[in-house]
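# A look at the structure
In case you want the letters, here they are:
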Amino acid sequence: MSTTILDNVSMAPDFPAVGLDDLVAEADLQTRIDRKYLLPAGETRQLLDAFPAGSRVLEIDARRTFGYESTYFDSADLRCYLDAARRRKRRFKVRTRHYTDTGLCRLEVKTRDGRGHTVKTATAYAAEDCGRLTGPAQDQVARATGGRQSLATSLVTQYRRTTVVLPGFAARVTLDTGIAFSLPGGPRVTLDDWTIVETKAGHAASAVDRLLWQQGHRPIKVSKYGTGLALLRPDLPANKWHRTIRTITGSSR
């Protein structure tokens with residue numbers, strides 16, 4: 001990833017800081033609608049410069065960008081991926097998330113029932129086990145998904161994230177750069193030319209959503225697991241991520 005592009009985001013340059021405790025206490029208490037956008041990396045600086053006055057950037061221990069590494073687990077026949085690609089109502093996703101700057105890790109299990117309700121559980125996890133599912137973790141997954149699953153590492157994602165809170169905690173915006181996807185022991189692909197922007201706002205669109213719309217960007221389906229695996233495994237059905245894959249690669253797939 002270009003150092004210049006990373007610096008443009010990581011500075012979030014002149015914004016005052018907001019601490020994690022304030023972010024959790026205020027922003028996380030609101031019902032939110034998430035919208036994701038694929039932004040050409042060269043436009044990231046321009047977008048940040050247009051953020052409304054009073055925006056603040058998450059800062060922890062003098063850091064304003066934070067490294068993430070997620071390891072996803074799936075069955076041999078990629079049930080989790082295919083259920084999501086085919087929009088099946090009942091599905092689940094399992095991953096570990098490693099916060100590389102702090103060394104902390106957690107296990108996350110997300111399930112969706114037949115009525116479309118989503119339940120996500122996240123528990124602390126030993127950093128040395130982030131790349132695998134231990135016996136207790138497998139038990140936890142079995143309890144959450146309703147049965148014992150035979151899961152192995154299917155994809156690893158890496159990126160840097162900057163979080164900006166809009167005035168009055170009206171919305172939160174994350175900007176992910178330096179995005180890379182890799183298969184276990186296999187190929188790797190990077191999205192050097194793209195920033196994934198995600199807005200988390202109430203039912204009304206945020207000021208940043210409106211900025212993006214004015215610049216010609218529209219919300220797009222971007223699942224890091226689905227998109228990453230589809231890019232690395234063109235033999236798989238991309239289905240719900242067709243538009244995303246076309247945008248990234250310029251292909252007609």
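Before going into details, it helps to say that this report is about the structure given with it.

### Let's talk about the state of the cysteines
Throughout the structure, instances matching the rule amount to 1 disulfide. One disulfide bridge connects Cys105 with Cys130, the sulfur atoms lying 1.9 Å from each other. One end of the pair, Cys105, is in strand 6 (residues 104-112); the other, Cys130, is in the loop between strand 7 (118-124) and helix 5 (135-145), and 25 residues separate them in sequence. Across the pair, Cys130 and Cys105 agree in class, each one buried. Residue Cys80 stays outside any disulfide, its sulfur separated by 18 Å from that of Cys105, the closest cysteine.

### Notes on the packing of aromatic side chains
A full pass over the atoms with the stated rule returns 6 aromatic pairs. Look at Phe15 and Phe51: their rings are 6.0 Å apart centre to centre, the planes differ by 25°, and that puts the pair in the stacked class. Linking Phe15 in the loop between helix 1 (3-11) and strand 1 (17-18) with Phe51 in the loop between helix 3 (44-49) and strand 3 (56-58), this pair joins segments that are 36 residues apart in sequence. We note that Phe15, like Phe51, is buried. With 4.8 Å between their ring centres and 15° between their planes, Tyr72 and Tyr225 make a pair best called stacked. In this pair, Tyr72 is assigned in strand 4 (residues 66-74) and Tyr225 in helix 7 (residues 224-232), connecting sequence segments 153 residues apart. No difference in accessibility class separates Tyr72 from Tyr225, as the two residues are buried. Taken together, the aromatic side chains of Tyr72, Tyr81, Tyr225 and Trp241 make up a single cluster linked through ring pairs. The ring of Tyr68 carries Arg161 above its face, with NZ or CZ at 5.1 Å from the centroid. Here the guanidinium or amino end of Lys224 rests over the ring plane of Tyr159, the centre of that ring lying 4.3 Å away.

### Section: empty space enclosed by the protein
Going through the model one piece at a time under the given rule, you end up with 1 cavity of 30 Å³ or more. In this structure, the largest cavity spans a volume of roughly 40 Å³. Around the largest cavity sit Lys93, Arg95, Glu108, Val109, Lys110 and Lys120, which together line it. Where the lining of the largest cavity is concerned, the elements lending two or more residues are strand 5 (91-99) and strand 6.

What counts as what
Residues numbered from 1 in each chain as written. Predicted model: local features only at pLDDT ≥ 70, side-chain atom pairs only at ≥ 80, totals over all residues. Heavy atoms only, no water. Disulfide = S-S within 2.5 Å. Helix = DSSP H or I, 4+ residues; strand = E, 2+ residues; numbered from the N terminus. Buried < 20%, exposed > 50% of the residue type's maximum accessible area, 1.4 Å probe, protein only. Phe/Tyr/Trp six-rings, centres within 6.5 Å; stacked < 30°, edge-to-face > 60°. Lys NZ or Arg CZ within 6 Å of the ring centre and 35° of its normal. 1 Å grid on protein atoms, 1.4 Å probe; cavity = no way out; pocket = protein on both sides within 12 Å on 5 of 7 lines; lining within 4 Å. Points joined across faces, edges and corners; volume = space filled by probe spheres on them.

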